[in-house]
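A closer look at the structure
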Amino acid sequence: MLRLLTGNILDRRSLVKTVKLREIAELKTGPFGTQFSAKEYVSEGIPVINVKNIGYGNIISEGLVYVGINTLERLSEHKLKTGDIVFGRKGSVDRHCLITEKQDGWMQGSDCIRVRLTDASVYPNFISYYLLTDVVKAKINNSAVGSTMASLNTDILGDIDIRLPNCEEQYKIATALATIDQKIEANNKINDYLYQQLQLLYDYWFTQFNFPDNHGQPYKASNGLMVWNAKINHLIPADWQVKPMDTICSFRNGINYDKNIEGDTILLMYETSHHLRFFLTKVVLIRYVFHSNKVINTVCLIRALLLPVVEYQGPQGYYAIQVVMLFFVDLLFAAPHMIIPYETI
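Description of the structure in this document. Small disclaimer: the values here were computed from a predicted structure and weren't measured. (Residues numbered from 1 in each chain as written. Predicted model: local features only at pLDDT ≥ 70, side-chain atom pairs only at ≥ 80, totals over all residues. Heavy atoms only, no water.)

**Some remarks on the pattern of salt bridges**
This structure, assessed with the given rule, holds 12 salt bridges. Between D84 and R116 there is a salt bridge, with its nearest N and O atoms 2.7 Å apart. Placement of the pair is D84 in the loop between helix 3 (69–74) and strand 7 (85–88) and R116 in strand 10 (residues 112–117), with a sequence separation of 32 residues. Each member of the pair, D84 as well as R116, carries the same accessibility label: buried. Overlapping salt bridges bring together K20, R22, K139, D159 and D161 as one network. (Salt bridge = Lys/Arg side-chain N within 4 Å of Asp/Glu carboxyl O. Helix = DSSP H or I, 4+ residues; strand = E, 2+ residues; numbered from the N terminus. Buried < 20%, exposed > 50% of the residue type's maximum accessible area, 1.4 Å probe, protein only.)

Next up, the structure:
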């Protein structure tokens, strides 16, 4: 999304300058060793942002620890301000969080690096979004040191190139992305609420057996007849049954895939009224394919080469193709499809 919104703007070369992060910000590691001890944590007080609290642009509030006001004042150089950006020095080092007004005055944890912008023409929210781009995250991950666990330092972080448009453009980009983030967060809250309601409804109907009876009243609470079922040692509604799953549905095992089997290289082309797509792959096994929920005795299990994901849009939705085993479901339909030896193309 960031690439989509910034593409045209960042291609205006005359309006964009490239700077190192260290040129526009001060980078500082958290308190070390004798400066701060875990014994100074208290049950209530000033929140401390540690590595476990750093998400991708956001703060994970679960597991926050606290220090007293005296500890914070003694380590005042590690007090966070609005607009600061905090990275973890260990583990998933490409993550960071942006400090907002809600976290102003919190404390930087020991295993963190604080980025504080020193150029007034640079918008912190834009830098935060920029540091979340795939290119920057890849550079951080590739540059991080450590054989067992990735480790980040101020030299690596300060060496990141920032393509910086003027302040007005920075604000436009960051505001547009923030609006989208807010909508995503609102939708996630709605989804969480609906999921909770679904769990409550399931429990009410299928655990407490208070589903609506013929009169629309809760069955068990309205003295609906319950009978003892010896198979599960539990009371169930009188007209309910307990059956093994194999009496109400059929099972079919998948096909074992042998990673040592190599098929012929082919170019697979499929054409519909929606899209035409090609991709290079290896045929491993031909068995069954489901077409509109009916077996049509033509299927491919495929071993994919290291190619970008191919996105296919059909009447039933989207299909992403880049897997070790691929089982086509409702994919082959409508127009004829061809499998052509790659060498003949």
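**Description of the packing of aromatic side chains**
Each aromatic ring pair is described using two quantities: the centre-to-centre distance and the angle formed by the ring planes. Summed over all chains, the structure comprises 9 aromatic pairs. Relative to Y171, the ring of Y123 lies with its centre 5.4 Å away and its plane at 55°, an arrangement referred to as tilted. Highlighted residues: Y123 in the loop between strand 10 and helix 4 (124–130) and Y171 in helix 7 (residues 167–207), separated in sequence by 48 residues. The class of Y171 is partly exposed, set by a relative accessible area of 46%. Each ring, one from W205 and one from F206, has its centre 6.2 Å from the other, and the planes form 70°; the classification is edge-to-face. (Phe/Tyr/Trp six-rings, centres within 6.5 Å; stacked < 30°, edge-to-face > 60°.)

**A look at the sheet that holds strand 3 (residues 41–42)**
Spatially, 3-6-4-9 is the arrangement adopted by the 4 strands of the open sheet, whose pairing is mixed. With partners counted over all chains shown, the strands left at the sheet margins are strand 3 and strand 9 (107–108), one partner each. Two elements, strand 3 and strand 6 (residues 65–67), share 2 bridges in a ladder whose sense is antiparallel. Of the residues in strand 6, the one forming a bridge with V42 is Y66. (Pairing = 2+ DSSP bridges.)

**Some details on the sheet that holds strand 5 (residues 56–57)**
Here 5 strands make up an open sheet; going across it, the order is 2-10-7-8-5 and the pairing mixed. Single-partner strands in this sheet number two, and they are strand 2 (25–29) and strand 5. Examined bridge by bridge, strand 2 and strand 10 share 5 bridges and lie antiparallel to one another. Across the sheet, L27 pairs through a bridge with V115, a residue of strand 10.

**Considering the nonpolar core**
Residues F87, I127, L157 and I162 are the most contacted members of the largest nonpolar core, which totals 30 residues. Ranked by residue count, the leading element in this core is helix 4, at 4 residues. Judged by nonpolar contacts, the second largest core, of 9 residues, contains L80, V86, C97 and W106. (Core = buried A, V, L, I, M, F, W, Y, C linked by side-chain atoms within 4.5 Å.)

**Observations concerning the pairing of strand 13 (residues 234–237)**
Within a regular beta strand, the side chains point alternately toward one face of the sheet and then the other, so they alternate between its two faces. Of the pairings in the sheet, the one linking strand 12 (residues 226–229) to strand 13 comprises 4 bridges and is antiparallel in character. The residue of strand 13 that forms the bridge with N229 is H234. Once strand 12 ends, the chain turns through 4 residues before running back antiparallel as strand 13, passing N233 with a positive phi of about 55°.

**Overview of helix 5 (residues 134–143)**
Along helix 5, the positions that sit buried rather than exposed are V136, K137 and I140. Relative to the axis of helix 5, the buried residues are bounded by an arc of 100° and lie together on one face. Projecting away from the buried face of helix 5 at angles above 90 degrees are the exposed residues D134, V135 and N142. Next to the buried residues of helix 5 lie strand 5, strand 7, helix 4 and helix 6 (154–158). (Arc of directions from axis to C-beta. Contact = heavy atoms within 4.5 Å.)

**Here we look at the pairing of strand 4 (residues 46–49)**
With 3 bridges connecting them, strand 4 and strand 6 associate as antiparallel partners. For I46, the partnering residue across the bridge sits in strand 6 and is V67. Bridge analysis of strand 4 against strand 9 gives 2 bridges, and the strand direction is parallel. In the strand pairing of strand 9, V48 is matched with M107.

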